[in-house]
Amino acid sequence: MSFVAETRVLSLGATLADLTESIGFTSSQRTLTCGSVDDSLLVQVCATEVRLCEVLERPSSLNDAVSKARISTWLPPIDYGHIQVGAVDSGHVLVSFAKPENMLVLLGLQESNSHRSLIALKTVALESELSCIAFSKMESSPGTREARNCNRNTNPGSQPSDEVLFVLGTYAPSVEIAGFCNGTFHRFAKAGLNDGNATPTDIGFCNFQEGRTSANQSDLNAGIDDDHPTNRGPAESVHLLFHSGFVRVLAGMRDGSILCYGWSQGQRFSATRGCPLSTYKRQSPGSTFEEDTLSLIFHKRLGNSPVRLGTMTTGPTSGSVLALTDKAWILQAQTSSYCFDCRAISL
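We now turn to the structure provided with this report. (Residues numbered from 1 in each chain as written. Predicted model: local features only at pLDDT ≥ 70, side-chain atom pairs only at ≥ 80, totals over all residues. Heavy atoms only, no water.)

Its location among the elements puts Thr33 in strand β1 (residues 33-38). Leaving out residues up to four positions away in the same chain, Thr33 has contacts with Val43, Gln44, Val45, Gly86, Ala87 and Val88. (Helix = DSSP H or I, 4+ residues; strand = E, 2+ residues; numbered from the N terminus. Contact = heavy atoms within 4.5 Å.)

Take the side chain of Glu236 next. Relative to the helices and strands, Glu236 is located in strand β14 (residues 235-243). Within the structure, Glu236 has its side chain in polar contact with the side chain of Arg254 (distance 3.1 Å). Discounting residues that sit within four places of it in the chain, Glu236 has contacts with Ser131, Cys132, Gly252, Met253, Arg254, Pro306, Val307 and Arg308. (Polar contact = N/O pair within 3.5 Å; in protein donor to acceptor, adjacent residues only side chain to side chain.)

Counted by the stated rule, this structure contains 11 salt bridges. Notably, a salt bridge pairs Glu176 with Arg187, separated by 3.0 Å at the nearest N-O pair. On the criterion of sequence distance, the pair formed by Glu176 in strand β11 (residues 174-181) and Arg187 in strand β12 (residues 184-192) is long-range, its members being 11 residues apart. Put simply, Asp255 and Arg301 hold a salt bridge, and the shortest N to O gap is 3.8 Å. Here Asp255, found in the loop between β15 (246-253) and β16 (257-262), pairs with Arg301, found in strand β18 (residues 295-301); they are 46 residues apart in sequence, far enough to count as distant. In this structure Asp255 comes out as partly exposed when scored by relative accessible area, which is 24%. Among the ionic contacts, a cluster of salt bridges with common partners joins Asp38, Glu54, Arg70 and Arg116. (Salt bridge = Lys/Arg side-chain N within 4 Å of Asp/Glu carboxyl O. Buried < 20%, exposed > 50% of the residue type's maximum accessible area, 1.4 Å probe, protein only.)

Val175, Ile177, Leu240, Val249, Tyr261 and Leu294 are the most contacted members of the largest nonpolar core, which totals 23 residues. When residues of this core are traced back to their parent elements, those giving at least two are β9 (130-137), β10 (163-170), β11, β12, β14, β15 and β16. The residues contacting Leu294, other than those within four sequence positions of it, are Val175, Ile177, Ala189, Lys190, Ala191, Val249, Tyr261, Gly262 and Trp263. (Core = buried A, V, L, I, M, F, W, Y, C linked by side-chain atoms within 4.5 Å.)

There is a patch of nonpolar side chains on the surface, built from Met1, Phe3, Leu10 and Leu16 and spanning about 420 Å² of accessible area. Residue placement: Leu10 occurs in the segment before β1. Owing to a relative accessible area of 32%, Leu10 belongs among the partly exposed residues under this scheme. (Patch = residues over 30% accessible without salt bridge, like charges linked within 9 Å, V, L, I, M, F, W, Y side chains within 5 Å. Areas by Shrake-Rupley, 256 points an atom, 1.4 Å probe, with all protein chains shown as cover.)

Take a look at the structure:
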């Protein structure tokens, strides 16, 4: 749990116990994002630092507050401001700064004397400040091990993979598919969030199954088409999904709506055909990439609160997108089109 100037990590079970210090997290700062970069390696991104915590031993009891984690810290250069947003994935961490020059920094793992730490691999100046960022999510069907591991550095002592794909939400406002390919930063596709001329295409839709019984205004609005596509402001969260050859970008907005974009040229990024960037590069003439335009598929209102997007990792809905606003929604991508099935759930 992250608060304004505090973080708490609680155990799950019959009783709650504070494990913040024992896993190596700092409790005195707000956590912008956290996640796992490798087995037993956790990352905590705060405004002033990025902590890499290697859990050496599980707590022996719920009352055991002794640290059992090896901690290393990556600190921004002294001329940088605070970290604004971040994202964590297998083998990589992304952090962005408003100063100087809207910098985006890609961090990776290195190993020295059996001790692993984070180092800055790539730094690039962006045109606009970021409001959110997320790594791509490959489909996880059997037989696609190569695709699932293409962004992962399987040998921490070697140079990390030079192919990393992610989606950016900017204060322009816009959403952009970007990545590092062969050590170079590229923008692959982009869409303006306040484009009043953008109308949903006929290639996809969102089938809502709310089962509402409440007369709450946010429930009554949920699932309806958003008639005001302009002046939304920046995205609160973004999600990039590859599934069955279809590329979808979801943007959770601060006004409670969700936008879905499709990328027709991104079909060559199908995860079943290997690592996406190398596949794209093999099929593209020359060494440069032309920026494509994302097509708006649908825009729907889920509630009145900002929409936060995440991924379900276990259970029958594994791989589906979780959207949290006034209520929780599960979005499941259909395998034969850009379409989604969306249903409300009780937490």
